[in-house]
Amino acid sequence: PYGHHLESLLPLPWVHLWFAPKTLFAACAEIYDDPTFVPRIWDRDPVTGGRRPNKWRATESFEPFLNKLTRRDFESAVSRAGFAIAERRAHGFAGSTPARATRPLTRVPVVGECFVSFYTYRLVRERDG
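Treat the numbers as computed from the prediction; the structure is a model and nothing was measured.

(A) Local environment of the packing of aromatic side chains. Inspection of every chain in the model, using the stated rule, returns five aromatic pairs. Ring geometry for F25 against W56: centres 6.0 Å apart, planes inclined by 20 degrees, an arrangement best described as stacked. You can see F25 sitting in helix α1 (residues 21-33) and its partner W56 sitting in the loop between α1 and α2 (71-80), a full 31 residues away along the chain. As far as burial versus exposure is concerned, F25 and W56 are alike and both buried. Put simply, the rings of F25, W56 and F62 touch in pairs and so form one group of aromatic residues. Over the ring of Y32 we find R51; its NZ or CZ atom is 5.3 Å from the centre of that ring. Across from the ring centre of F83, 4.3 Å away, lies the NZ or CZ of R125, which sits over that ring.

(B) Representation of the side chain of N54 in the model. Here N54 is to be found in the loop between α1 and α2. Of the residues examined, N54 reaches a relative accessible area of 16% and is grouped as buried. Polar side-chain contacts of N54 include one of 2.9 Å to the backbone oxygen of A29. Only 2.9 Å separates the side chain of N54 from the backbone nitrogen of W56, close enough to count as a polar contact.

Rules and cut-offs
Residues numbered from 1 in each chain as written. Predicted model: local features only at pLDDT ≥ 70, side-chain atom pairs only at ≥ 80, totals over all residues. Heavy atoms only, no water. Phe/Tyr/Trp six-rings, centres within 6.5 Å; stacked < 30°, edge-to-face > 60°. Helix = DSSP H or I, 4+ residues; strand = E, 2+ residues; numbered from the N terminus. Buried < 20%, exposed > 50% of the residue type's maximum accessible area, 1.4 Å probe, protein only. Lys NZ or Arg CZ within 6 Å of the ring centre and 35° of its normal. Polar contact = N/O pair within 3.5 Å; in protein donor to acceptor, adjacent residues only side chain to side chain.

Nothing here speaks to function; it is geometry throughout.
Okay, here's the thing in structure tokens:
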């Protein structure tokens, strides 16, 4: 929940611990404008398929992007909504070689969550009674 969520632009885990947000957003803006950068689907216009305007030039805070939802809070909400978790898969960081090297750490108890880029779940509806 407290990761930088900039992996498509800055493929290094926990880079936000070393650099100020202003520096990270400036780097993202430069990378985004590079003609060789291939934007992700959320950075493409759904009608034209073209690249959306560079949002990083006006970004000043992580707050509009991060919901700070922990795995525990998400799984609690899933349960309250009447679902059970049939499968949970942790996905490590991609991108750079150092980032990919941390993938085995996702399986280490307690600290493993620090090396998870995202989770995927398969949910099933719980039956009444």
